[in-house]
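What follows is each chain in one-letter form.
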Amino acid sequence: MAPLSATRSLALCCLFATALSLGSSFSKVVLRDNGYEGVVIAIEDRVPSSKCQEIIQGLEDVVRAASSTIFVATRGRANFRSVRVLVPSSWNVALCPSLGDLQSTRGETWDGADLRVTQGRHPRHGPRPWTLHTKGCGQTGDYISLGHDLLLSNDTIINGRLLAHEWLQYRYGVFEETGWVENPVHPAYYRASDGQWRPNACANVELSPNPSCHPHNASCPFRIEQGDSPQLTKSFMAFPELPSVKELCDEGSHNREAPTRHNLLCDGKSAWEVMRASPDFQNNRNVEGGLRESEVTFQYVRPRNPRIVLLIDDTNVMNVQKRWDFMRKAVRKLVTYDVPDGYGIGLVVFNSIPSTKYPMTILTDGITREKVGSSLPRNPSREDEHKRCIICGVREALKLIQQDGIGGHIVMVTAGSGLVEESEASETAQLLLEAHVVLHAIIYPLAEKYPTPNGGLETLAARSGGNTFVVRDEGIGADSKLSMYYNLLDSFYHALLSASGQSALPVKVHSAEHPGGRVPISEGSFMMDPTLGTDTVFAIFYYDVTHVGNQVHLVSPHGQVIDTANMQNEDGNINMITVRLVEAQVTPGLWRYKVENRADSHQALYVQVTSRPRLQPRVPSVKVRTWINPSLGVVNASDISKPLALYAEVRVGLMGVEGAKVIAMLTRLGYTNNGTQYPPLEVQLFDNGLTSPDMTKGDGVYSRFVPGLVSGKYSIIVNVEGKIDDSDFARRSRLGIVDVIGTLPKRDVLPPAHVVDLRAALLPDTVNQVAFTWTAPGGDIDYGTADRYVVMASNNQLDLLEGGGTLLEDWPAPLASPAIQQHTVLWKEYETVSYVSLYAVDEEGNTGGFSNIVSVYVPAPPTTTVAPPSKAPPLLSANTSAVKEGTSAPVLAALDTHQLAVIFGCVGGFIVVVAVIVCYCAASHRHHRKAAAAKKAHEVPDAYSINVTVASKGVDFAEGKEKDGIKKEYISPVESWSASQLLSNHQDGKRSSMSGRSDNNSDHSASTKKSYGGSSEPNDFYGEANQYHYQHAGYPDHYPAQSDGYPTPTEGFPNDNYPPPSEARSYMSSQPSDSFLSVSCDLLPSTHGPPAYAAYPSYDSSLRSGKVPPPIPPKPKVLYTPEPYMYDTQSLDPHSSTPSVASEKRVRNVTMV
């Protein structure tokens, strides 16, 4: 049979999708002549039968009230007509006369019901109805749920209105048109364009805020009574409890500016616009007011145990290796151990013609199970596989099911790759639909190395509500690997799970393969949570019994070692050894096991652990439900707008489990070009409510898109780990097969995800600092990193909705999804409402959708605050958010250029003024000194040798002590110079050096420094060496904390890349001392200040002195020819502690006293 082309595959999908036009794989509701038919309501088995009469009466009253409300809200276009109610099996007509003619179910199940009536209350909604909606705007949801207590109350009209509100959301994908308290994205109030606070709702009249609290407070609720607004008639999606509100907002009355959940998910369209686009009303179907309201009829049905027909392929393809042997063992295991009591089982084999091997039989005891389980022929037929007639086998299976009513399940096992001719698939689908029978397909084995996607069988099963599972063909020589046998058992288990429901079968806690030929002892572990413990079975599957050694030990969480030698039960007919644990033995926690593994290198042992919930009604068990979208399991790789979406619902009772780790493993079937199997693709699912695709945060539904899959068949397994009451749990679910057809685009065309949680708030204790927070969307939907953000602002929200507005620049680069980003802006527009929205762009230029729109309103600053200049731009970016630069490492951006220029200009002007004043004072001082020296030039001193002790001015030393490295120094007469020598040396030094810097004590020429070493002390003008954090209004003192609704930055403020000064010093010289005669005017080194100053080169600190030279004693009046001063060799020694003349660059003015 030739493979189906992509075109034929798409045509087959379209054919099967006609009955699934609303996108639900379970709901069979149709709107015909303005009436809903096929509505299914299921009542949970735990609802007490003692109140069944009151519950039935309350249910009928509430549904009729809801029908009338829906009829008015849809302008006469829809209401309930026929409803089927699935009641618990314990209810009967004697207890509930209202049940009337109680019939058996025709395929109605709890999982497939449109409305579920539960025994308990939802932790958030209580008994009120609520909708699980995991799809987008305009699509049908998953189900509606309400507590049975609601049906026992007397508020029939209000409860009916609440149910009608949820039905419109469930059926048409419209959402709440009002806000909530403490919700930062959909608040109870919002700032309107005129600056006033308005209730966040869609209404036909103006609503007033709550007078008891300020709308600015996020905890301020919006309350409205019927008497407050008697003219209020819209919108029913906002105020379902007000009797006067009966209509939906349409184009003329819809408030697009309100930040409601409906506006966000439906792109600002009104609820009536979305509903009119539904298939219920397209092409003038069910026109307005065409008919009068229908009378609602109820039919009560009781569940019956499922009837299942095993339909087994009996062609020559099963003769290869151990395929048929494994098939017989797997059927025996399923019938003997797995199918619950009371279930009906029949067995049919087919090739070119079908043959019934065992008629439909109710399993009641071990003898019956053994007869049915061993009814397969010992050997398969030799008929060629190409003569296989699938529709023939289905017809024979339907005969067995229809002998006792309608409704049931067919589990078909066939070899090949699931290819079905288009005509055969279409006819088979119609037969299943009319019989209300669900088909589950198992492709055993998948013999093709390069299987063709969407051969037709998978879509046929999905169309009926079933799944498809695949078992790889693995073998060596004449042997098939044990993995084939165990995967066939696992496929049977999940097919039976789909037919019976989760409560009927034990939970598969653990399964693991332990290859042979590696280690003598195989070890593993499994987690037992507190909800499990009844009928716990530890099982080992083997190819040959000799592959299992004598040692099989279990170790409890408390370390107790259980030797199972006397607890084992061996069944050679199905190659299984089991160990059963009583409930008292099963301690919650991590269990470990050790099994002696003697399997061959090409075989293995498989270990499996199953358990049932404990018999404690008050302890709800953990349940995991998984599914995919599209529901038919066919994804077109060429259509990037509809990628594969994976879902996993994790609940404990009615409460969604938050914080679980949900990992989906996607494995492409077949082999690579080098003959190896494809490695699995690991995808983590999230419950984040970012609508890509997860719709609601914290509801226990984890989901994610999986784009970029190439054409092929994929099997999917979902592993769940989480906590309940501080105890760990683990679950595993097998989703079945997904077919990917078409070809991926040659270039990247996937856009970034849509940002839906953008928030803005004025930071506390600031005048105009506005913090924006959002979740990074990713480059390809929510994978990777986008390239940049485009941020638009406008004073008119409609401008943003239509793609207009002003571009805001200097926003941070995107982080990797799903990181939280924050950005702070200095907002320069006061007393004006502005609107901001953003979208991400990837490296290829693909753009994501516009984010939710946030409003920004900054009150005018106090009168004492200087208003910003009018020429300043309205928005200045402080950019305090984490961004990536260069190596993509998160850093904090600096102030912008405009701010730095203003600051450094002010500092530079101040330094210039101070420098001019200091130079003027120094020059004046030198002038006065020269005059005083000339006046005393001819005076004769009393002595030629004077001992002088000198200290800096203003410093007192204790007697006999040293202070700051300054010691007593003396000058001998031979070191005294004449005035002419000093002046001559001064002129020579002036010609050969220039002053480069100054310090507190001034610098001296090489000659006067000859006997004065040391260094100067640091000046504290700049304070601590590490304190230079440049302060500016752009760096707020407070960042929004978690209590403020915003995450705090991950890093502190930067040092603006200013290196800490190696030596803090003043740019002003100290006051001139009486003991020295020179002051130099120098510039501030740039290493100690803002980067606007150029840095001097490094210099030798030994040129600086911490001592003040003593005064030069006068010499006697002797007439002689002065000889030039000769520098000694020590002064030129580079290793000398005294600075040399060559290294001195100071200017010195010295006058003989």
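One can find the structure itself at the top, above this paragraph.
What comes next is a walk through the structure. Everything numeric here is computed off the predicted structure, so don't read it as measured data. (Residues numbered from 1 in each chain as written. Predicted model: local features only at pLDDT ≥ 70, side-chain atom pairs only at ≥ 80, totals over all residues. Heavy atoms only, no water.)

All right, on to the overall build of the protein chain then. Looking only at helices and strands, the protein chain features 14 helices and 48 strands. A buried classification covers 51% of the 1153 residues belonging to the protein chain. A separation of at least 24 residues holds for 76% of the contacts in the protein chain among residues at least 6 apart in sequence. Of the roughly 52,700 Å² of accessible surface on the protein chain, 51% is carried by carbon and sulfur atoms. (Helix = DSSP H or I, 4+ residues; strand = E, 2+ residues; numbered from the N terminus. Buried < 20%, exposed > 50% of the residue type's maximum accessible area, 1.4 Å probe, protein only. Contact = heavy atoms within 4.5 Å. Areas by Shrake-Rupley, 256 points an atom, 1.4 Å probe, with all protein chains shown as cover.)

This part is about the packing of helix α9 (residues 422-435) against helix α10 (residues 457-464). At a minimum axis separation of 10 Å, α9 and α10 run at an interaxial angle of 20°. It follows from the interaxial angle that α9 and α10 lie roughly parallel. Considering how the two elements wind past one another, α9 and α10 form a crossing that is right-handed. Taken together, the residues of α10 that come into contact with α9 (itself represented by Ala425, Thr428, Ala429, Leu432 and Leu433) are Leu460, Arg463 and Ser464. (Axes fitted to C-alpha atoms, helices over the stretch in contact; angles between N-to-C directions. Parallel < 35°, antiparallel > 145°, perpendicular 65-115°, else oblique. Left-handed = near helix turned anticlockwise from the far one by under 90°.)

This part covers the environment of tyrosine 789. Residue placement: tyrosine 789 occurs in strand β41 (residues 788-794). For the pair tyrosine 789 and aspartate 842, spaced 53 residues apart in sequence, the C-alpha separation works out to 8.9 Å. Setting aside residues up to four positions removed in sequence, tyrosine 789 forms contacts with Trp774, Ala776, Pro777, Pro812, Ala813, Pro814, Leu815, Gln821, Leu838, Tyr839 and Ala840. Within the structure, tyrosine 789 has its side chain in polar contact with the side chain of tryptophan 774 (distance 3.1 Å). (Polar contact = N/O pair within 3.5 Å; in protein donor to acceptor, adjacent residues only side chain to side chain.)

With that settled, consider the pattern of salt bridges. Considering all chains together, one arrives at 40 salt bridges under this definition. A salt bridge links glutamate 37 to arginine 81, with the nearest nitrogen and oxygen atoms 3.1 Å apart. Here arginine 81 lies in the loop between β4 (79-80) and β5 (82-86) and glutamate 37 lies in strand β2 (residues 35-37), a separation of 44 residues in the sequence. Both residues of the pair, glutamate 37 and arginine 81, belong to the buried class. Here arginine 128 ties to glutamate 241 by a salt bridge, and the two come within 3.4 Å at their closest N and O atoms. (Salt bridge = Lys/Arg side-chain N within 4 Å of Asp/Glu carboxyl O.)

Further remarks concern the packing of helix α8 (residues 390-402) against α9. At a minimum axis distance of 10 Å, the contact between α8 and α9 shows a crossing angle of 10°. Taken together, the axis directions place α8 and α9 in an arrangement best described as roughly parallel. Listed contacts from α9 to Ile390, Ile391, Val394, Arg395, Leu398 and Gln402 of α8 are Glu424, Glu427, Thr428, Leu431, Leu432 and Ala435.

A separate point is the sheet that holds β2. Reading across from one edge, β1-β2-β4 is the order of the three strands in this open sheet, with mixed pairing throughout. The open sheet has two edge strands, β1 (30-32) and β4, and neither has a second partner. Strand direction decides the pairing type here: β1 and β2, joined by three bridges, are antiparallel. Note on β2: the bridge partner recorded for valine 30 is glutamate 37. (Pairing = 2+ DSSP bridges.)

Evaluated as defined, the whole model comprises 22 aromatic pairs. Centre to centre, the rings of tyrosine 486 and tyrosine 606 are 4.6 Å apart; their planes meet at 15°, and the pair counts as stacked. Residue tyrosine 486 is found in helix α11 (residues 482-500), and its partner tyrosine 606 is found in strand β29 (residues 604-613); the two are separated by 120 residues along the sequence. Using a relative accessible area of 3% as the deciding quantity, one classes tyrosine 486 as buried. Both rings, one in tyrosine 839 and one in phenylalanine 850, keep their centres 5.0 Å apart while their planes meet at 80°; by these two values the pair is edge-to-face. Here phenylalanine 850 lies in the loop between β44 (833-841) and β45 (854-857) and tyrosine 839 lies in strand β44, a separation of 11 residues in the sequence. On the basis of relative accessibility, which here comes to 29%, the residue phenylalanine 850 falls in the partly exposed class. An aromatic cluster of at least three residues, connected via ring pairs, comprises Phe326, Tyr485, Tyr486, Phe541, Tyr543 and Tyr606. (Phe/Tyr/Trp six-rings, centres within 6.5 Å; stacked < 30°, edge-to-face > 60°.)

The next subject is the nonpolar core. In terms of nonpolar packing, the biggest core is built from 66 residues, with Tyr36, Trp91, Leu168 and Phe239 touching the most fellow members. Elements that contribute at least two residues to this core include exactly β3 (39-43), α2 (52-73), β5, β7 (115-118), β9 (143-147), α3 (156-172), α5 (271-276) and β12 (297-302). Of all the elements, α2 adds the most residues to this core, at nine residues. The residues touching tryptophan 91, leaving out its near neighbours within four places in the chain, are Ile43, Val47, Pro48, Ser49, Cys52, Ile55, Ile56, Cys96, Leu99, Leu102 and Arg302. (Core = buried A, V, L, I, M, F, W, Y, C linked by side-chain atoms within 4.5 Å.)

Moving on, we get to the sheet that holds strand β25 (residues 561-563). Ordered by their spatial adjacency, four strands build an open sheet running β22-β28-β24-β25, and the pairing between neighbours is antiparallel. Looking along the sheet, the strands with just one partner apiece sit at the ends: β22 (521-528) and β25. Direction aside, neighbouring strands of the sheet carry axes that sit 25° apart on average. In terms of strand pairing, β22 meets strand β28 (residues 589-597) through eight bridges, oriented antiparallel. When the sheet's bridge partners are listed, glutamate 523 is paired in β28 with lysine 594.

Here the focus is the state of the cysteines. One pass over the full model with this rule turns up five disulfides. Between the sulfur atoms of cysteine 202 and its disulfide mate cysteine 249 the distance is 2.2 Å. Disulfide cysteine 202 to cysteine 249: torsion about the S-S bond roughly -120°, handedness left-handed. Of the two residues, cysteine 202 is situated in the loop between β11 (197-199) and α4 (261-265) and cysteine 249 in the loop between β11 and α4; the sequence distance between them amounts to 47 residues. Residues cysteine 202 and cysteine 249 agree in their burial class; the two are buried. By sequence-ordered numbering of the bonded cysteines, the protein chain has its disulfides arranged as 1-2, 3-8, 4-7, 5-6, 9-10. (Disulfide = S-S within 2.5 Å.)

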